[in-house]
Amino acid sequence: MSIITKTKPPSSETKDPGKPLVRDSFTSKLGVIFATLGSAVGLGNIWKFPSMTGANGGAAFIIIYLLCTLLVSVPVMITELMLGRTARANAITTYRNLSPKKSQPWWLVGVSGVVAAFLILAFYTVVAGWVFAYIGKAITGNVLSTNPEVTSQVFSRLVTSPWESLIWQWIVLIWISFVIILGVSKGIEGLTKRLMPALFVILLIVCVRSLTLPGAMEGVRFLFKPDFSRITPGVILMAMGLAFFKLSVGMGTMTAYGSYYRDDQDIPGSALRVMLADLSVSILAGLAIFPAVFAFGFKPDAGPSLLFITIPAVFASMPFGQFFLILFCILASIAATGAMLSLFEVPVSFLAERTKLNRTGATIVTFLALAAVGATAALSNSILADVKVAGKTFFDLYDFISSNLLMPIGGFFLAIFAGWVWKFPKIQEQLSNHGVLKNRGIIRIYYFIVRYVAPALILLVMLNGLGIVNW
Ligand code: TRP
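Residues numbered from 1 in each chain as written. Predicted model: local features only at pLDDT ≥ 70, side-chain atom pairs only at ≥ 80, totals over all residues. Heavy atoms only, no water.

Caption draft 1: Inspection of the overall build of the protein at higher detail. Counting secondary structure elements, the protein contains 18 helices and zero strands. In summary, the protein has a C-alpha radius of gyration of 22 Å against a globular reference of 23 Å for 471 residues, a match within 12%. The principal-axis extent of the C-alpha atoms belonging to the protein is close to 60 × 50 × 45 Å. A buried classification covers 60% of the 471 residues belonging to the protein. Within the protein, contacts between residues separated by at least 24 positions form 80% of all contacts whose residues are at least 6 apart in sequence. Within the structure as shown, the protein displays about 18200 Å² of accessible surface, and the carbon and sulfur contribution to it stands at 70%. Of note, the protein has its 36 positive side-chain charges centred 7 Å away from the centre of its 20 negative side-chain charges. (Helix = DSSP H or I, 4+ residues; strand = E, 2+ residues; numbered from the N terminus. Rg over C-alpha atoms; globule rule 2.2 N^0.38 Å. Buried < 20%, exposed > 50% of the residue type's maximum accessible area, 1.4 Å probe, protein only. Contact = heavy atoms within 4.5 Å. Areas by Shrake-Rupley, 256 points an atom, 1.4 Å probe, with all protein chains shown as cover. Lys, Arg positive; Asp, Glu negative; His and termini not counted. Charge placed at Lys NZ, Arg CZ, Asp CG, Glu CD.)

See the structure below:
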């Protein structure tokens, strides 16, 4: 049983008239891990990780991805959790309050985070809508065909129908808003701590099914045979982008979650555990997908269509395929839900703490704004398919701005802030929970990476993302 803990807001917050004096927060240590993991695990694991790994040298790509995760995204994640917990506020207020000089505009990192969260949600809710719709299509058997041409038609009918895309996006938005209104402990923590174990169980069941198919080993080899000849500087940069996206770092999500962390939570330990669990989900997803893809002679490098076109055809080919396809779609919906909750929390916590709105009001405003902006992404395959900004549809544009610009910029400045502005004594104090945890060695390693290694590596990604340096 968990005890409800309420944390005191910082003094600037208490001056705000009409605001509650206590903030909701995560309650149990395990619940914190599940909620954080719920943010990290998402469509990135089920689709991005396997398709990128497949296309870029299997195990070799996984090793590079792991290095990027350890050298960039885990340190940035620790930074965000630490700063969020210290300030106990939304992303923008956190960086404003922690800035040593009020004249330094560190709060802009928070603004970039709120904008990025909003843009990611605008297109993520579209894909999540398709995943939700697929649960129904799997149950009715509508998408169940061994012929990829048939599944491809089902998919294109869904994405090119303006109303279907919009309505599924609204369903997703209503579902997420409902959980967000319930609050941090009851809503986010309560749901993710039930859904995450379910996700692991479903994933294991689908893995066993896939691995016991005749011819499955070829898929396993494909996933684990290192082929270093495929690794180019461009692939390394891609692995780093995935590492950012996967652990939800560089844009205030983890700052907002960190603000709900308990004072006695081991932050570096939690970040490492979340990273390992998230990696396990990614690898298990690969093991659920590739052995089956190979066993039935499908192509592994189908890219974006892998999830919506290849996978249904693969499942339709196996015994009890409909049952496993339904399970798989539920799994993907669960993964997408936890990720969206964490993204939603960024604008909602900001609005609820800095404006007159309460949490419900903030959620409704965010919902309406997302329904409006998100519609431009949802209609990118139909009515707005020909409307392009900088050569991209709205859907691709939001993805590009958030992943290639805002997240690396946010991550870079976060690392600089921790390593060069906040400095070691404060970091040591925070990450050891005021000397309670004996983790000085880990803190030293973190400090070195966040001061030198992470900023340098992120700079490379940023320059590439902007097309200034092109490999
Ligand atoms: N990590 C999630 C995934 O893999 C996506 C996600 C959730 C995210 N919150 C985020 C990405 C914040 C960037 C920033 O699907």
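Caption draft 2: Spatial organisation of the site of the ligand. In the neighbourhood of the ligand, 17 residues make up the surrounding shell, with Ala-40, Tyr-124, Phe-245, Lys-246 and Met-251 lying closest. The backbone of Gly-44 places a nitrogen or oxygen atom 3.0 Å from an oxygen atom of the ligand. At 3.1 Å, a side-chain N or O of Ser-248 approaches a nitrogen atom of the ligand. Contact with the protein chains removes 100% of the 360 Å² of surface that the ligand exposes when unbound. Within the residue set of the shell around the ligand, elements represented by two or more residues are helix H2 (29-40), helix H3 (43-55), helix H6 (107-140), helix H11 (233-246) and helix H15 (321-354). Split by residue class, the shell around the ligand holds nine nonpolar, seven polar and one charged. (Near = heavy atom within 4 Å. Polar contact = N/O pair within 3.5 Å; in protein donor to acceptor, adjacent residues only side chain to side chain. Nonpolar A, V, L, I, M, F, W, Y, C, P; charged D, E, K, R; others polar.)

Caption draft 3: Fine view of the environment of Phe-222. Counting through the fold element by element, Phe-222 comes out in helix H10 (residues 216-224). Relative accessible area serves as the criterion here: at 23%, Phe-222 is assigned to the partly exposed category. For Phe-222 and Gly-54, which are 168 residues apart along the polypeptide, the C-alpha to C-alpha distance reads 7.1 Å. What Phe-222 contacts, discounting residues up to four positions off in sequence, is Gly-54, Gly-58, Phe-290, Phe-294 and Pro-300.

Honestly, it's all geometry; don't read function into it.
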